[in-house]
Amino acid sequence: MGTVNSSFFASPYKLSMFLECPRKYWYYYINEETKYKQPEHPYFTMGGHVHDTLKNFFNLDVKFRSKEKILELLETFWKRKSGREGGFESKEEEEHYKGRARKMLVKFFDNGDIKAKPILWHSQSNPKVEVTPSLFFTGVFDRIDVLPRDVLHVIDYKTGKEDAVDERNIQLPMYAVLAERIFRKPVTQVSYLNLESGRWDTRGLEKGYAFDTIGRVQEIVAKIPKSSEKEDFICGYKDRCFHCNYLKELGFNLE
Ligand code: SF4
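Here is what the cut-offs are and how they apply
- Residues numbered from 1 in each chain as written.
- Predicted model: local features only at pLDDT ≥ 70, side-chain atom pairs only at ≥ 80, totals over all residues.
- Heavy atoms only, no water.
- Helix = DSSP H or I, 4+ residues; strand = E, 2+ residues; numbered from the N terminus.
- Rg over C-alpha atoms; globule rule 2.2 N^0.38 Å.
- Areas by Shrake-Rupley, 256 points an atom, 1.4 Å probe, with all protein chains shown as cover.
- Lys, Arg positive; Asp, Glu negative; His and termini not counted.
- Charge placed at Lys NZ, Arg CZ, Asp CG, Glu CD.
- Near = heavy atom within 4 Å.
- Nonpolar A, V, L, I, M, F, W, Y, C, P; charged D, E, K, R; others polar.
- Domains from an automatic or database assignment.
- Contact = heavy atoms within 4.5 Å.
- Buried area = accessible area lost by both parts, 1.4 Å probe.
- Salt bridge = Lys/Arg side-chain N within 4 Å of Asp/Glu carboxyl O.
- Polar contact = N/O pair within 3.5 Å; in protein donor to acceptor, adjacent residues only side chain to side chain.
- Pairing = 2+ DSSP bridges.
- Axes fitted to C-alpha atoms, helices over the stretch in contact; angles between N-to-C directions.

Concerning the overall build of the protein
Broken down by element type, the protein carries eight helices and eight strands. A compact globule built from 255 residues would reach a C-alpha radius of gyration of about 18 Å, and the protein, at 19 Å, matches this within 12%. Overall size of the protein, expressed as C-alpha extent along the three principal axes, is 55 × 50 × 30 Å. Carbon together with sulfur atoms contributes 51% to the accessible area of the protein, which is approximately 14400 Å² in total. Of note, the protein has its 41 positive side-chain charges centred 4 Å away from the centre of its 38 negative side-chain charges.

Spelled out as structure tokens, the structure:
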């Protein structure tokens, strides 16, 4: 159940899924049959392609970063997963999402700092850091910039209104702790960049935020049942939520 030798690997995604619905968490992280199974969905396919495009765009030398190049990269990634494989029901639907992706990237190119030199692009994509003897933080960074005075700025891209809202303000502080421990430099700023609106939501970090973040994560982890029994992971919404119906579509018996 995400524990190895009684260690727990906590990512913002994993914690938010447990907080949203413990049963959903059980299906996704514990039950072998349904573990890590997700249906393809146009929004997630689009988001994945936009993230991959930006990541590869910043891998290019500054002199090669052009608007044509960013759109060319999008085309390359789009070809790797499209049509039914990407969860698109029709050509029209796919064109709609591709149009959204293009607009986001053009807006980013026109308004963003395309000369930025983020770090981490060739490094491990799923880092793990031990924050207490039994707790690891893990997660996937979108971007980390080095600011003057050799401090870090952790940036997470959001691709639109469908992205989950981080109500508990846990994602960016967790990434900041991860980044500080990996790069051994202080993180002074964390941001969400909404690529659809072009809006930055930037915050500074309070002194002692790391201690506070680790404590808040420990509190959430303590609520996760130690058993792997389905009945211990209670579906709070009962028949008012149909999220898990996709598992039926994938052929699983949810009873
Ligand atoms: S359908 Fe039930 S188990 Fe699935 S996410 Fe909704 S409330 Fe949770």
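Examining the site of the ligand
Taken together, the residues surrounding the ligand are C21, R23, K24, C235, Y237, C241, H243 and C244. Looking at the shell around the ligand residue by residue, the classes come out as five nonpolar, one polar and two charged.

Quick look at the domain arrangement of the protein
Each assigned domain of the protein is listed with its residue range as follows: domain 1 (6-31 + 118-231) and domain 2 (42-111). The gap between the C-alpha centroids of domain 1 and domain 2 is 24 Å. Listed per partner, the contact involves 16 residues of domain 1 and 13 residues of domain 2. Interface area, domain 1 with domain 2, both sides summed: about 1400 Å², of which 60% is carbon and sulfur. At the junction of domain 1 and domain 2, the tally comes to one salt bridge. Applying the counting rule to domain 1 against domain 2 returns five residue pairs in polar contact (both at pLDDT 80 or more). In terms of residue class, the side of domain 1 that touches domain 2 is made up of five nonpolar, five polar and six charged.

What about the sheet that holds strand 7 (residues 187-194)?
Sheet architecture is open: four strands sit in the order 5-6-7-8, paired in mixed fashion. Looking at strand neighbours, the two that pair on one side only are strand 5 (143-147) and strand 8 (199-204), the edges of this open sheet. Ignoring strand direction, the axes of neighbouring strands in this sheet form an average angle of 25°. Sheet topology note: the strand 5/strand 6 (residues 151-158) ladder contains five bridges and is antiparallel. Considered in strand 6, the bridge of L147 is made with V151. This element, helix 6 (residues 171-183), spans strand 5, strand 6, strand 7 and strand 8 of the sheet and lies at about 140° to strand 6.

Some details on the environment of E249
Topologically, E249 is positioned in helix 8 (residues 245-249). A C-alpha to C-alpha distance of 8.9 Å links E249 and P39, two positions 210 residues apart in sequence.

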